[in-house]
Amino acid sequence: MKYDIIVVGGGHAGVEASLVASRMGKKTLLITILAEQIGATSCNPAIGGLAKGHLVKEIDALGGEMGIATDKNAIQFRLLNGSKGPAVRGSRAQIDMDSYRVNMKNLCLESDGLDIVQETVNDLVIKNGECRGVITNLGNRYLAKKIIITTGTFLNGLTHIGEFQERGGRVGEPSSDKLSTSLKNLGLDLGRLKTGTCPRIDAKSIDFTALDIQGGDEVPKPFSFRSGKNFKLNQLPCYITYTNEDTHTLIAQNFHQAPLFTGQIEGVGPRYCPSIEDKINRFAGKSRHHLFVEPQTLKATEYYINGLSTSLPPDIQLKMVRSIKGFEEAKIVRYGYAIEYDYINPTELKHSLECKKITNLYLAGQINGTTGYEEAAALGLMASINSCLAIDEKEPFILGRDEAYIGVMIDDLVTKGTKEPYRMFTSRAEYRLILREDNADLRLSSYGYRFGLIDEDRHLEIVQREFAIKKAMKYLEENFVTPSKETLKMLKDNHLTKITDKTTLKKIVAQKDFTQAKLDIFLPSFKDLDEATKEQIIIESKYASYIQKQKVQIRKMRELMDVKIPEDFEFEKVSGLSNEIIEKLNLFNPPTLFSASQISGVTPAAMDILHIYINIYKKKGFKNS
């Protein structure tokens, strides 16, 4: 059986990859171990968060599905860091895990051009260094022009609860072991990572009166720019409680039973989302840790304890949970566990997410060393777009670090690699003031439209908003107010700083306490603009000088990006480079001078030397002698 694209794995990366490929007109096959679990949220019942919310917005702007699915199945919305600047705010939504999974599964089943089979891929069909297809556990041989592997935690997965170990990609689901061996035999650099999850608690056994309530935003904003103006949500509360000294003592006394410390677990876990036993060990002086109690579904019959990931034995888990305020009579429905799995060092990949060693083979999601639904979905979307473009003999779609958090993530992975689960943070983005959540559609939707993933109406809406913003900003820059009695009174009445000289309207709008409501008062002609446009006008005004500085930095970066490093360039013959830097340059094989600058340990002095030698090479055909 022949296809254009085969996607291996039905998690968040696999769902986005499958839907994008079919929507771009490619005959697509999704192979998954368990069809019922397509789109399953294996761990926490939430989408988004700090920096992760940016990824979801960017996925949506490019025409992906995660944002829309989140809005359809959300049970609470909260804007994190809402009191801080727009660059570091992050949208987060609690979701109904069951309905989210069913929604994604049905969407895949209903998609034209997308077939689904429940099988396990055991081997790849390789010929002359090209991946031509896959062979499954049932002996079926499926051929395709491009293969996208999105195996998540299923690649040689091993779960741990105390001394108990079981092969599986999730508890109760089989792992994919033979495929791991196949990838290793192809010469790919495999590593071992670890993640985990927390106990799930029967809602009837929780004393909610002892917990602090945490509601959602009064006016929730949807994730998807396509969800429409009539978005409404009946929100459920979450709750907060804390560990205590009894909890910590119990855990510390049982370190000898924790797979993390006994040597049973070999994989490296996520630094920024550690298990509770790891937190107690690393922060021994801390008297308590936050725990967020989150409903898993709209029915709220089962709760997830965010912050209590563990692989301790079942009896210790129960004692630990019952030591926490509000959980004294708690009943565990599902025990927490750790899971180890194989991943491919992402330096094996091009920026297109195609393997360097094996043509036509693309990797996306946790197999690339990432952690989180959002990172996986973004990688699945990008791998699929590039697979489709390659079939059509078009240039790959590479987002720059100045264009998207997705671009930052992929560049980090393929140029620096990772030895621990990679998580997106706003601090990873050098140009985060430009790469905000609120302008993701303005930044990226033109690409989605080009690929046929965004429709004409949505594209026209964005073009019109861009025009309105530019027109408004020009008006604010070219028009002034003077410190007349009328102006000063208006400023005072609206709690704004008074002016002493002729001032542009842009500087008035840029004041700290200026809001959309005040925009309507000061500029009645802007009253008919939609809320999203007004938001952009105020942000652009307030951060104008900082945005301009970042644009200057971006121009300099693009100058470096324009300097291509020839494919046959021999770094060993560049005089002045240390052996360590030469080794790293050969390992990562950066395509541009900017990519080289992002490699850890490559100094500015080394960059200057490299730049000189590249210019000599290009002008004279210099062979680095």
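A brief structural summary. As a convention, each chain's residues are numbered from 1 in the sequence order in which they are written. Note on the predicted model: pLDDT of at least 70 is required for a residue's local features to be given, and 80 or more for side-chain atom pairs to be given and counted; whole-chain, interface and lining totals, by contrast, use all residues. Derived side-chain values reflect all non-hydrogen atoms in the structure, with water molecules and hydrogen atoms excluded from consideration.

1. Let's talk about the overall build of the protein
Counted only if it meets this: Put simply, DSSP marks the helices as runs of H or I at least four residues long and the strands as runs of E at least two long, and each gets a number from the N terminus on. Only C-alpha atoms enter the radius of gyration; for comparison, a globular chain is expected to reach 2.2 Å times N to the power 0.38, where N is the number of residues. Under the scheme applied here, a residue whose accessible area is under 20% of the maximum for its type counts as buried, over 50% as exposed, and between as partly exposed, the area being computed with a 1.4 Å probe on protein chains only. Here, residues are in contact when the closest pair of their heavy atoms is within 4.5 Å. To be clear on the numbers: accessible area is Shrake-Rupley with a 1.4 Å probe, and residue cover counts the displayed protein chains and nothing else. When charges are counted, Lys and Arg are positive and Asp and Glu negative, with His and the chain ends excluded. Where a charge sits is defined by one atom per residue type, namely NZ (Lys), CZ (Arg), CG (Asp) or CD (Glu).
Within the protein, the regular secondary structure consists of 21 helices and 22 strands. Compactness check: the protein gives a C-alpha radius of gyration of 26 Å against a globular reference of 25 Å for 625 residues, within 12% of the reference. For the protein, the spread of C-alpha atoms along the principal axes amounts to about 80 × 75 × 50 Å. Buried positions account for 58% of the 625 residues belonging to the protein. Here the contacts in the protein between residues at least 6 apart in sequence split such that 72% fall between residues at least 24 apart. Surface exposure of the protein reaches about 27,600 Å², of which carbon and sulfur atoms provide 50%. Between the averaged position of the 83 positive side-chain charges in the protein and that of its 79 negative side-chain charges there is a distance of 4 Å.

2. A closer look at the pairing of strand 19 (residues 337–344)
Quick note on the threshold: Two strands form a pair only when DSSP identifies at least two bridges running between them.
Among the eight residues that make up strand 19, eight are buried, leaving the element largely enclosed by the rest of the structure. A two-sided burial pattern is seen for strand 19, the buried positions comprising Tyr 337, Ile 339, Tyr 341 and Tyr 343 on one face and Ala 338, Glu 340, Asp 342 and Ile 344 on the other. Bridge count for strand 10 (residues 158–161) against strand 19 is three bridges, and the pairing is antiparallel. Bridge pairing in strand 19 places His 160 opposite Ala 338. Two elements, strand 12 (residues 190–197) and strand 19, share eight bridges in a ladder whose sense is antiparallel.

3. A few points about the pattern of salt bridges
What counts, and what does not: Salt bridge criterion: a side-chain nitrogen from Lys or Arg within 4 Å of a carboxyl oxygen from Asp or Glu.
Applying the stated criterion across every chain, the model contains 36 salt bridges. With a closest N to O distance of 2.9 Å, Asp 342 and Arg 192 form a salt bridge. Placement of Asp 342 in strand 19 and of Arg 192 in strand 12 is noted, with a sequence separation of 150 residues between them. A residue is classified by how much of its surface remains accessible, and Arg 192, at 21% relative accessible area, is partly exposed. Overlapping salt bridges bring together Arg 401, Asp 411, Asp 412, Lys 416 and Glu 430 as one network.

4. As for the nonpolar core
Applied cut-off: What makes a nonpolar core is a set of buried Ala, Val, Leu, Ile, Met, Phe, Trp, Tyr and Cys residues whose side-chain atoms join them at distances within 4.5 Å.
Formed by 128 residues in total, the largest nonpolar core has its most connected members in Ile 6, Ile 149, Leu 183, Phe 327 and Leu 361. In terms of residues, this core owes the most to one element, helix 10 (residues 373–391), which gives twelve residues. For Phe 327, the residues in contact, after removing those within four places along its chain, are Ile 201, Ile 206, Leu 211, Thr 241, Val 293, Ile 305, Val 321 and Arg 322.

5. Description of the packing of helix 10 against helix 11 (residues 405–416)
For the record, the criterion: Orientation is described by lines fitted to C-alpha atoms, with helices fitted over the stretch in contact, and by angles between N-to-C directions that extend from 0 to 180 degrees. Roughly parallel here means an angle under 35 degrees, roughly antiparallel means over 145, roughly perpendicular means 65 to 115, and every remaining angle is called oblique. Here the nonpolar group is Ala, Val, Leu, Ile, Met, Phe, Trp, Tyr, Cys and Pro; Asp, Glu, Lys and Arg are the charged ones; every other residue, Gly included, is treated as polar.
Remark: helix 10 packs on helix 11, axes separated minimally by 11 Å, with the N-to-C direction vectors making an angle of 85°. For the element pair helix 10 / helix 11, the angle class is roughly perpendicular. Within the contact between the two elements, helix 10 uses Glu 375, Ala 378, Leu 379 and Met 382 and helix 11 uses Ile 406, Met 409, Ile 410 and Leu 413. Residue composition of the contact of helix 10 with helix 11, grouped by class: seven nonpolar, no polar and one charged.

6. Details of the side chain of Glu 354
Mapped onto the elements of the fold, Glu 354 is located in the loop between strand 19 and strand 20 (361–363). In this structure Glu 354 comes out as buried when scored by relative accessible area, which is 9%. If we ignore the near neighbours within four places in the chain, the residues touching Glu 354 are Glu 348, Leu 349, Thr 359, Asn 360, Leu 361 and Tyr 362.

7. Describing the sheet that holds strand 17 (residues 302–306)
Strand order in the open sheet formed by six strands is 14-15-16-17-13-18, and the pairing between neighbours is antiparallel. Of all the strands in the sheet, the pair left with one neighbour each is strand 14 (212–214) and strand 18 (332–334). Within this sheet the neighbouring strands show an average axis-to-axis angle of 35°, counted without direction. Relative to strand 15 (residues 238–242), strand 14 is paired through three bridges, and the arrangement is antiparallel. For Gln 214, the partnering residue across the bridge sits in strand 15 and is Cys 238.

8. Looking at the packing of aromatic side chains
Quick note on the threshold: Here the aromatic set is Phe, Tyr and Trp, taking the six-membered ring for Trp, and pairing holds for ring centres within 6.5 Å; pairs whose planes are under 30 degrees apart are stacked, those over 60 apart are edge-to-face, and all others are tilted. Think of it as a cone above the ring: NZ of Lys or CZ of Arg counts as a charge over the ring if it is within 6 Å of the ring centre and within 35 degrees of the ring normal.
In total, this model carries eleven aromatic pairs according to the counting rule given. Seen in terms of ring centroids, Phe 255 and Phe 261 are 4.8 Å apart; in terms of plane orientation they differ by 70°. Their pairing is edge-to-face. Aromatic pair Phe 397 and Phe 451: ring centres 4.9 Å apart, planes at 70°, arrangement edge-to-face. Of this pair, Phe 397 sits in the loop between helix 10 and helix 11 while Phe 451 sits in the loop between helix 12 (440–450) and helix 13 (456–478), and the two are 54 residues apart along the sequence. In terms of burial, Phe 397 and Phe 451 fall into one category: buried. A cation over a ring is seen here: Lys 57 above Phe 225, with NZ or CZ 5.2 Å from the ring centre.

9. What to know about the side chain of Ser 205
The cut-off we apply is this: For the purposes of these results, a polar contact is taken to be a pair of N or O atoms within 3.5 Å, where, inside protein, one atom must be able to donate a hydrogen and its partner to accept one; residues adjacent in sequence count only when each atom of the pair is a side-chain atom.
Locating Ser 205 in the fold gives a position in the loop between strand 13 (200–202) and strand 14. Looking at Ser 205, the relative accessible area reads 10%, which means it is buried. In terms of polar contacts, Ser 205 uses its side chain to reach the backbone carbonyl oxygen of Asp 202, at 2.7 Å. Residues within four places of Ser 205 in sequence aside, it is in contact with Gly 326, Glu 329, Ala 330 and Lys 331.

10. A short note on the environment of Leu 114
By the secondary structure assignment, Leu 114 is in strand 6 (residues 114–118). Assessed through its relative accessible area of 6%, Leu 114 is described here as buried. Placed 324 residues apart in sequence, Leu 114 and Asp 438 show a C-alpha to C-alpha distance of 32 Å. Contact partners of Leu 114, with chain neighbours within four places excluded, come to Ser 18, Leu 19, Ser 22, Thr 28, Leu 29, Leu 30 and Cys 108.

11. What about the packing of helix 1 (residues 12–23) against helix 4 (residues 97–110)?
For clarity, the cut-off: Left-handed is the label given to a crossing in which the near helix is rotated counterclockwise from the far helix by less than a right angle, and right-handed is the label when the rotation is clockwise.
Interaxial distance between helix 1 and helix 4 falls to 10 Å at its minimum, and their mutual angle equals 30°. Compared by their axis directions, helix 1 and helix 4 come out roughly parallel. Between helix 1 and helix 4 lies a crossing whose hand is left-handed. In contact with His 12, Val 15, Leu 19 and Arg 23 of helix 1, helix 4 contributes Tyr 100, Met 104, Leu 107 and Cys 108. Here the residues of the contact of helix 1 with helix 4 sort into six nonpolar, one polar and one charged.

12. With respect to the environment of Lys 184
Topologically, Lys 184 is positioned in helix 5 (residues 178–185). Taking the C-alpha atoms as reference points, Lys 184 and Leu 496, 312 residues apart in sequence, are found 64 Å from one another.

13. Points about the pairing of strand 4 (residues 74–80)
The element strand 4 is largely enclosed, with a buried count of five among its seven residues. Sheet topology note: the strand 4/strand 5 (residues 90–95) ladder contains six bridges and is antiparallel. Pairing of Gln 76 across the sheet is with Gln 94, part of strand 5.

14. Focus: the sheet that holds strand 3 (residues 46–48)
Within the open sheet, the three strands sit side by side as 3-5-4. Their pairing is antiparallel. Strand pairing shows two members of the sheet lacking a second neighbour, strand 3 and strand 4, which therefore form its edges. Across the sheet, the axes of successive neighbouring strands diverge by a mean angle of 20°, strand direction being ignored. In terms of strand pairing, strand 3 meets strand 5 through three bridges, oriented antiparallel. The partner of Ile 47 across the bridge, within strand 5, is Ala 93.

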